[in-house]
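# Coordinate inspection notes
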Amino acid sequence: MKRMQSKRSPVSAQRAAELIRQADPLGCAAAEPGLSPRALRELSALVDGSPPVRAAVPPAPPAAVGSVPPAAARPRRLGPLVASFAVAAAVAVAAVFVLAGRGATGGGLVADEPHYASAAELEDAADLIVRAKLGGGTERTVDDVTSTEAPADVLATAKGSAPGRSLTVRYTPPGGGGPETADLVSGKEYVLLLERQDDGRFTLVNTVQGAYGVAGSGAVPAEGNEVELSPAVLKALGLEG
């Protein structure tokens, strides 16, 4: 008896997918509108051994009129960066105004020095206030800045305690290379407002307001210094206002 051999016709992947959906309408195959491109290729190879087929990728739907592109829909967050630049600019502007204000009240910009707006502030900043006669000094140069160390004979004291009848004052003379200079003259009498340093020497509270020239019975402020010494200090030093 001659055995009948059935001839199987190949089934495409799309047809196989349709048959699977019909046989299992509630299965996982029906959960999606269609099989993925990879699933179609693998199913095609298993069913009829034909080369994998590429599933057509549906074109992207046209953008609606007036819609925003994805890149523009989520802009970069620049808020913190912009705020940082704004704060830095504000600090710089504030520094300019502070320096300008000092120049208006104290005769120009004074680098790295405090400026005192009243006699009370100025006298409070000093550790020692004396009337003294300045002697000849010696110069020292460190890092291209020349300073003068001069002895001063103490004639009267208005604040603090002098170390003796003489003390050493250190200051930067004009042309010394520093940003702050004091034009003091050897042999002249001054009212000195001084800060005590760790090495026992004294420096002016600042180069503009730290020394008042004595003329007659008065204390004359340096150019750019508009602060007059208090009557109590002048009296203690034997001077008048």
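Just above sits the structure.
Residues numbered from 1 in each chain as written. Predicted model: local features only at pLDDT ≥ 70, side-chain atom pairs only at ≥ 80, totals over all residues. Heavy atoms only, no water.

### Some words on the overall build of the chain
Our working rule: Elements are defined by DSSP. Helices are runs of H or I of four residues or more, strands are runs of E of two residues or more, and each kind is numbered from the N terminus. Only protein chains enter the accessibility calculation, which uses a 1.4 Å probe; a residue whose area is less than 20% of its type maximum is buried, one above 50% is exposed, and one in between is partly exposed. We call two residues contacting when some pair of their heavy atoms lies within 4.5 Å. Every accessible area reported is derived by Shrake-Rupley at a probe size of 1.4 Å, with residue values counting cover from the shown protein chains alone.
Across its full length, the chain carries 6 helices and 8 strands. Listing each helix as α and each strand as β along the chain from the N terminus yields α-α-α-α-α-β-β-β-β-β-β-β-β-α. The burial tally for the chain puts 29% of its 241 residues in the buried class. Contacts spanning at least 24 positions in sequence make up 51% of the contacts within the chain whose residues lie at least 6 apart. Accessible area for the chain stands at about 16200 Å²; split by element, carbon and sulfur atoms hold 57% of it.

### Thoughts on the side chain of Thr148
Inspection of the secondary structure assignment puts Thr148 in strand β3 (residues 145–159). Judged by its relative accessible area of 6%, Thr148 is buried.

### Some words on the layout of surface pockets
The criterion, for reference: A pocket here means an open set of points on a 1 Å grid, computed over the protein atoms alone, that has protein on both sides within 12 Å along at least five of seven lines. A cavity is instead a set of points where a 1.4 Å probe fits but cannot get out; residues with an atom within 4 Å of a point line either one. Grid points are joined across faces, edges and corners, and a volume is the space filled by probe spheres set on the points. Gly counts as polar in this scheme, as do all residues outside two lists: the nonpolar Ala, Val, Leu, Ile, Met, Phe, Trp, Tyr, Cys and Pro, and the charged Asp, Glu, Lys and Arg.
Reported here for the largest pocket is a volume of approximately 360 Å³. For the lining of the largest pocket, the secondary-structure elements that each account for two or more residues are β7 (211–215) and β8 (218–221). Here the lining of the largest pocket takes 5 residues from β7, the largest share from any one element. For the lining of the largest pocket, a count of residues per class yields 13 nonpolar, 3 polar and 3 charged. There is about 270 Å³ of room inside the second largest pocket. Lining the second largest pocket, in full, are Glu113, Ser147, Arg170, Tyr171, Thr172, Glu180, Glu195, Thr203, Leu204, Val205, Asn206 and Thr207. Sorting the residues of the lining of the second largest pocket by element identifies β4 (166–171) and β6 (202–204) as the ones contributing at least two each.

### Let's talk about the nonpolar core
Here is the rule we go by: The term nonpolar core refers to a set of buried residues drawn from Ala, Val, Leu, Ile, Met, Phe, Trp, Tyr and Cys, joined through side-chain atoms within 4.5 Å.
In terms of nonpolar packing, the biggest core is built from 19 residues, with Leu122, Val191, Leu193, Tyr212 and Leu229 touching the most fellow members. Counting residues per element, the ones that place at least two in this core are α5 (119–125), β5 (189–196), β7 and α6 (231–236). Once you skip the residues sitting within four places of it in the chain, Leu229 turns out to touch Ala119, Leu122, Glu123, Val191, Leu193, Tyr212, Ala219 and Leu234.

### Description of the pairing of strand β2 (residues 138–142)
Basically, it comes down to this: A pair of strands is considered paired only if DSSP assigns at least 2 bridges between the two.
By the criterion of burial, β2 is predominantly exposed, with just 0 of the 5 residues buried. With 5 bridges connecting them, β2 and β3 associate as antiparallel partners. Across the sheet, the residue bridging to Arg140 is Ser147, located in β3. Where β2 hands over to β3, the hairpin turn is made up of 2 residues, of which Asp143 adopts a positive phi near 55 degrees.

### Remarks on the pattern of salt bridges
Where we set the bar: A pair is scored as a salt bridge if a Lys or Arg side-chain nitrogen falls within 4 Å of a carboxyl oxygen belonging to Asp or Glu.
If you walk through the whole model with that rule in mind, you get 6 salt bridges. Across the pair Glu189 and Arg131 runs a salt bridge whose closest N-O atoms are separated by 2.3 Å. Here Glu189 is found in strand β5, whereas its partner Arg131 is found in strand β1 (residues 128–134), with 58 residues between them in sequence. With a shortest N-O distance of 3.4 Å, Arg140 and Glu149 are connected by a salt bridge. According to the relative accessible area criterion, Arg140 is partly exposed, its value standing at 44%. Each of Arg140, Glu149, Arg170, Asp199 and Arg201 takes part in salt bridges that share partners, so that together they form one network.

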